[in-house]
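# Report on the structure
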Amino acid sequence: MSEELNPFKIAQEELDAAAETMGLDKTAHAILREPKRILTVNIPVKMQDGTTKVFNGFRVLYNDARGPGKGGIRYHPLENVDTVKALSAWMTWKTSLANIPFGGAKGGVICDPKTLNDFELENLSRGYIRALGRAIGPKVDIPAPDVYTNPQIMAWMMDEYSELVGYDEPGVITGKPLEIGGSEGRFDSTAMGGMYVLREAAKTINLDLKNSKIIIQGFGNAGMFAFEIATRLSGGKVIGVSDSEGGIYDPDGIDYNKLLEAKKRTGKVQGYEKGQKVTNEQLLELDADVLIPAAIENQITAANADRIKTKIVLELANGPVTPDADKILFEKGILDMPDFLVNSGGVIVSYFEWVQDIGGYYWTQEDVYKRLDTIITRSFNDVIGMQKQYAANGKKISPRTAAYIVAVDRVARAMKFRGWY
Ligand code: NAD
């Protein structure tokens, strides 16, 4: 049988597995299997050439028992409601695991942002916000940037929402420029959070990160920061790195600045002059201590999980390990740290941005990192604690299952207290 790759089906399968292990109440399970609300919007947008084009978009509020919805907005030609639903479910577990007072949500607009100029992008972004109206808000649902959306787009959206309600409302959206209520530390927060998780994971298996060898799949936003921070904070060596064009391998360690320069000059990591070229498949299977998938989903599957050789897999990307592969890694004794723990630094700093906007008092970068470390380390300990609790009762569960149980249990308890079941 082929593996299930529909993201929403995967999200449901993961929830079902956790529900069974933890003995989740049937009604709570039924509520949590589907989103609370799916909004479909139709957005007429004035284009530069004077015509009006109509775009379709979505906003899915998966669950708001623990607080207002939280989740990014994606602009993509292949956007579809199943992906947005899955991502909104994962946001629900992510905010719950981090124990920050949010639920989960996600939005998307079907468009090709590369074909739109700034005038059209601004009209589309403002149109999307007008179409959502009061379905978003600092106490309702708080969007953020995601695939092909950025701080400028968040700025237009915040401005449009403020116009709509008649007062300045920076807390409606996060990922804004610093000048209008953004937070320090937002850019590298995902990778920074991931590195705090790596530090804690290494401790649990007595891995000395200073002498460790690291492989990174993907050299975009997340992968680049991960490379820089991992080598700076841990002292380990990155021996393999890839992008969509292929990878490079150097057992002596890859020089970050030279790699950055080669990538800028040639557009690909294989422009790096030392080491040897490897395929994307080979990169994942190199002999090292830590593998950081930081590219796209479904990279470690039932087909290659058995050939992964590292002690730790740190899922910085969303969904890089399929549920079948997760089981294989667990049986092999590889410590696979799940995406919704590892990359939760982004939403944690988004939470800080919202707190700062509401309080009107802004923190230093040092404050942000310190508080991020506290929250994400607490989440890591919650996951390991849940694993130990099950182990004490003779049941071995993976970190992903443990993370699910922590997260789902918190949402279920919130729903129970609210009287939803
Ligand atoms: P990005 O587009 O900046 O970078 C993606 C990188 O992956 C590029 O270097 C691309 O060449 C590479 N890539 C694509 N296909 C590949 C393949 N088959 N093999 C090897 N490399 C490949 O994206 P990003 O913002 O860095 O996001 C990467 C992942 O991290 C995504 O799953 C994203 O959802 C997740 N993430 C990112 C953030 C963030 O703040 N940037 C936050 C949370 C989660």
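Residues numbered from 1 in each chain as written. Predicted model: local features only at pLDDT ≥ 70, side-chain atom pairs only at ≥ 80, totals over all residues. Heavy atoms only, no water.

## Structural notes on the overall build of the chain
Definition in use: Secondary structure is summarised from DSSP: a helix means a run of H or I of at least four residues, a strand means a run of E of at least two, and numbering begins at the N terminus for each. Values of the radius of gyration come from C-alpha atoms, whereas the globule rule sets the reference at 2.2 Å times the count of residues to the power 0.38. Residues are treated as being in contact if the distance between any of their heavy atoms lies within 4.5 Å. Accessible surface is estimated by sampling points in the Shrake-Rupley manner with a 1.4 Å probe; for residues, cover comes only from the protein chains shown. When charges are counted, neither His nor the chain ends are considered; positive counts come from Lys and Arg and negative counts from Asp and Glu. By convention, charge coordinates are those of NZ in Lys, CZ in Arg, CG in Asp, or CD in Glu.
If you tally the helices and strands in the chain, you get 14 helices and twelve strands. Its C-alpha atoms give the chain a radius of gyration of 21 Å, near enough to 22 Å, the size a compact globule of 421 residues would have. Taken over the C-alpha atoms alone, the chain extends approximately 55 × 55 × 50 Å along its principal axes. A sequence separation of at least 24 residues applies to 70% of the contacts in the chain between residues at least 6 apart. With an accessible surface of roughly 17,900 Å², the chain has 50% of that area assigned to carbon and sulfur atoms. The centroid of the 50 positive side-chain charges in the chain is displaced by 3 Å from the centroid of its 55 negative side-chain charges.

## Quick word on the environment of isoleucine 153
Along the chain, the position of isoleucine 153 falls in helix 5 (residues 151-165). Considering only alpha carbons, one finds isoleucine 153 and lysine 176, 23 residues apart in sequence, at a separation of 8.3 Å. With residues up to four places along the chain from it excluded, the contact list for isoleucine 153 reads Tyr75, Leu121, Ser125 and Tyr148.

## Quick word on the domain arrangement of the chain
Our working definition: The domain boundaries here were taken from an automatic or database domain assignment.
Under the domain assignment, the chain is made up of domain 1 (35-171) and domain 2 (189-342). One C-alpha centre belongs to domain 1, the other to domain 2, and the line joining them spans 30 Å.

## Digging into the nonpolar core
As a reminder, the rule being used: Throughout this description, the term nonpolar core refers to a set of buried Ala, Val, Leu, Ile, Met, Phe, Trp, Tyr and Cys residues connected via side-chain atoms within 4.5 Å. Each residue is assigned to one of three classes by its accessible area relative to the maximum for its type, calculated with a 1.4 Å probe on protein chains only: buried under 20%, partly exposed between the two thresholds, exposed over 50%.
Counting residues in hydrophobic clusters, the biggest one holds 90 residues, and the most contacted among them are Trp93, Ile216, Leu259, Ile292, Met337 and Phe352. Among the elements that take part in this core, helix 14 (residues 399-418) stands out by supplying eleven residues, more than any other. Counting residues domain by domain, this core receives three or more from each of domain 1 (35-171) and domain 2 (189-342). In this structure, Val41, Ile73, Tyr75 and Ile173 belong to the second largest nonpolar core, which totals 25 residues.

## Some remarks on the layout of surface pockets
Note the cut-off: A pocket here means an open set of points on a 1 Å grid, computed over the protein atoms alone, that has protein on both sides within 12 Å along at least five of seven lines. A cavity is instead a set of points where a 1.4 Å probe fits but cannot get out; residues with an atom within 4 Å of a point line either one. Grid points are joined across faces, edges and corners, and a volume is the space filled by probe spheres set on the points. Side-chain classes follow a simple rule in which Ala, Val, Leu, Ile, Met, Phe, Trp, Tyr, Cys and Pro form the nonpolar group, Asp, Glu, Lys and Arg form the charged group, and the remainder, Gly included, forms the polar group.
Here the second largest pocket is characterised by a volume of approximately 440 Å³. Ala17, Asp326, Lys327, Ser398 and Thr401 are, among the 18 residues lining the second largest pocket, the residues nearest its centre. Contributions of two or more residues to the lining of the second largest pocket are made by helix 1 (7-22), helix 10 (323-331) and helix 14. The leading source of residues in the lining of the second largest pocket is helix 10, at six residues. Residue composition of the lining of the second largest pocket, by class: six nonpolar, three polar and nine charged.

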